[in-house]
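Residue-level structure breakdown
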Amino acid sequence: MPNTLKLTVSHAPFWHNGSSISSKSRNILLASLLAVVPGCYQYGMAAVGVVTMSIASAIIWELLINFISRRPISVGDGNAALIGMIFAMMLPATTPWWAVVTGTFFAVVIAKEIFGGIGANPFNPAVLAMTILMLSWGNLFDFNAALLNYSFNFKAVYPLVLSKSFGAHAVEPFALMDLLLGKQIGGIGSTCGIGLILGGVYLILRGFIRWEVCFSFLAGIIIAALCFNILNPELYAGPGFHLLTGYTMIGAFFLATEDSSSPVNFIPMLIYGFLGGALTILIRNIGTHIDGVLYAILIINLVNPLLDKIRPKAIGKGV
Amino acid sequence: MIKRSFFGLVKPKLQYEIIDDAQPEPVNINASEKIMLYIDQPYENKANSLLKIGDQVKNGQKIEVVKDADAYMLSSKSGQISNISSFVGFMEKKLTAVTIDIDDQANQLLDDSFKDVYKTPSMENAKDLLSGLPGKPDFDVFFHPDKPIKSIVVLGVDGDLLTTTNQWFIKNGIISVKTGIDLLRKITGIHDIILIVPQHLAQVAGSAGATVKTVDSEYPAAHPQLIIRHILADKNLGGNDIASNSGIAFFSAEAVSAIGAAYKTGQIPLDKIVTFISKDGNKQLVSVPIGTPLQDILSQLNESLNDGDRVIFGGPMTGVAVYSPDFPVMPDTDAIIIQDKSQVVERADVACINCGECVRVCPANIQINQLIRFLEAGQYEEAADQYDLFSCIECGFCSFVCESRIPVFQHIKLAKHTLESMNAAEENNA
Ligand code: SF4
Ligand code: SF4
């Protein structure tokens, strides 16, 4: 009797917990909306335009690369869309379309695909792209000039510029509560502190990002800012201000936590995050740059492979 | 299937199955026409072989391919050999497949080579006649004077999820397990016998006449290497964790119970207890003669197979998928799982995203996110030298959680196998 039954044969294990890259991307996108929607509300259609343009162009760049390198189409995993979204969150609503498209080109093509695609990028693609753009067209990202034509019902000055130029006194008018609620100017999705925190907590609870990185990043900010503040309260603003301005919150929850460029072991994660936070404050307070988050994250991305060498010994190896 | 919990922050947990309090007696299944035995010995030199088509074999008879080989099987039925062929098993293993057309139930002939010796139990006659018992006892470990065995561990726990085979022997057959333990003590002269059971069976196990230790209910705590590491940490193991070098011999509760029964009655028990899990997730224990084809079990339990379904011999984490319903029950087949086509999760061809889920669950502390890059590139030697390939205890947990759905475990097995066969080839050439 010929046996024509075709059974599925594959290797163990025969169970999977059901996680996938696409569900991870979907959830991070969802969480980012908590910060992006208030941003769009604040800046209107221009912001919506930047966000959609960024996501769409990121996807198209990835499709193009798939096509050119004859690899299977990978946009379905949502990673390109996610890069586009996170990139847009850092942009001012007034960014011209060509800058958005150039930015996503740097993020998807240069920072991700050239290094070998998903999981092989040593730097956070959105951060690298943003840094390149800032170095090339700095005036586009001068938030004070960029958002001049808007009228807000709050102080429309980029808070970090004030503290940098005029010291801690100048930022006293900013009530922390207002900063938390996003009453400050900045990137589309980086000012609404409360949205970023809620989104971040959601992602932590669902296990899509690692709490070790977020918390130690914030701890790094708080401790370093506190040290400066105690040394010279006239000149250096306190930790609360630093936590809620610039890219701190988005950095802690959405940028530093990118999988490929961050460590996987417990102690390295703590060092990685803490270093990022502390470097941010160092750059803000002593460096020449206004915000330090992006550079700090690139630096910790760079040391990540070294950090991940601190790890428990595999069993059966030595005592 | 156990899914990732909604709150993924907590480490994923997989619990071993706990045997039901009201576990019904195993269902008896019989072989209908033939049995098939896979002997761990290549079938190369046909002229030299002891086996001939048409040979009469008896129930309990030792079936070996060449004289005095270590590997043999015991025929669970009497009948006539109708086919002998070479068979390539899992990971290129060369086996000999022997098919026996069985005599009807009323005319079963019993082999009596064991009858002659069972009154004088010894290590030698156990190795010679009982290695094919259900539970696959390994007596060879006692024959290496350079690696003396100091303790015996009896596993009253099951190695994989869903399975309750060994627990059943503790729960419902502790007396025969005790008989077996006493016998092992007698023939090996080893007094240190440790019985490992899950917490809920600790009390029953107390009467077995061995030191009882319990293991955690979380997979893979009952893995022999982890037992050595965590539960037997007080035994001086000289720094090396590999089970065969550690001075510890492992036996399953089923094997011990079978050894006891064999020496007590002179009759070799050859019915294997298997945890059978049907498509709808129903679990039941069946008692089936070793060598019985899966098809016989399926038809007697009214389970049907369709194209695309998956049949797993062993548990969901470490078992082996078979491609034909003719595949027979082996001495170590503790579970058989039938998965419907719809339950089969596709593996993907995506790169590792470095999420680290695997690293956080690996009981061997392997940096799998690094290791996998070398394995995918085929750089097995680097993988072994720098990324701890050989520390892997083969639990499969990494593949279970992988977000990219990479078949990590398969890569690991393949790498180990490739390196091992390369080493073997080098030794042969030297
Ligand atoms: S199978 Fe995977 S999780 Fe298990 S020990 Fe090996 S590498 Fe670690
Ligand atoms: S679980 Fe998979 S994707 Fe995540 S680090 Fe491990 S191998 Fe890579």
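Look above for the structure.
In short, a report on the structure. (Residues numbered from 1 in each chain as written. Chains lettered and ligands numbered in written order. Predicted model: local features only at pLDDT ≥ 70, side-chain atom pairs only at ≥ 80, totals over all residues. Heavy atoms only, no water.)

1. Looking at the environment of A:Ala252
Residue and element names in this part refer to chain A. Basically, it comes down to this: Runs of E in the DSSP output that reach at least two residues are strands. Runs of H or I that reach at least four are helices, and both are numbered from the N terminus. In this scheme, a residue with accessible area under 20% of its type's maximum is buried, one over 50% is exposed, and one in between is partly exposed, where area comes from a 1.4 Å probe on protein chains only. Only heavy atoms enter the contact rule, under which two residues are in contact if any of them lie within 4.5 Å.
As for its placement among the helices and strands, Ala252 is situated in helix H12 (residues 248-255). Using a relative accessible area of 0% as the deciding quantity, one classes Ala252 as buried. Linking Ala252 and Ser151, residues 101 residues apart in sequence, is a C-alpha distance of 29 Å. If we skip the residues at most four places from it in the chain, Ala252 touches Cys214, Phe217, Leu218 and Thr257.

2. Details of the sheet that holds strand S10 (residues 211-215) of chain B
All names here are of chain B. Convention followed: Strand pairing follows a simple DSSP-based rule, namely that at least 2 bridges must link the two strands. In this analysis an axis means a line fitted to C-alpha atoms, helices contributing only their contacting stretch, and an angle means the value between N-to-C directions, from 0 to 180 degrees.
Strand order across the open sheet formed by 4 strands is S10-S9-S8-S11, with parallel pairing between neighbours. Each of the sheet's edge strands pairs with one partner strand only, and the pair in question is S10 and strand S11 (248-252). Geometrically, the sheet is characterised by an average inter-axis angle of 25° between neighbouring strands, direction not taken into account. Direction of pairing for strand S9 (residues 193-198) relative to S10: parallel, over a ladder of 5 bridges. Bridge assignment links Ile196 to a residue of S10, and that residue is Lys213. Sitting on the sheet, helix H4 (residues 174-188) touches strand S8 (151-155), S9 and S11, and the angle it makes with S9 is about 155°.

3. A short note on the site of ligand 1
How we decide: Here a residue is considered near a molecule or strand provided that any single heavy atom belonging to it is located within 4 Å of it.
Residues in contact with ligand 1 amount to 14 residues; listed here are only the nearest, B:Cys362, B:Cys392, B:Cys395, B:Gly396 and B:Cys398. Elements supplying a minimum of two residues to the shell around ligand 1: helix H12 (397-401) and helix H13 (408-429) of chain B.

4. Focus: the nonpolar core
Residue and element names in this part refer to chain A. Test applied: In these notes, a set of buried Ala, Val, Leu, Ile, Met, Phe, Trp, Tyr and Cys residues joined through side-chain atoms within 4.5 Å is what counts as a nonpolar core.
Judged by nonpolar contacts, the single largest core of 91 residues is most densely connected at Phe253 and Phe254. Looking at this core element by element, the count peaks at 9 residues for helix H3 (residues 79-90). Apart from the residues lying within four places of it in its own chain, the contact partners of Phe253 are Leu196, Ile197, Gly200, Ile204, Ile209, Cys214 and Leu218.

That's the geometry; what it means functionally is another story.
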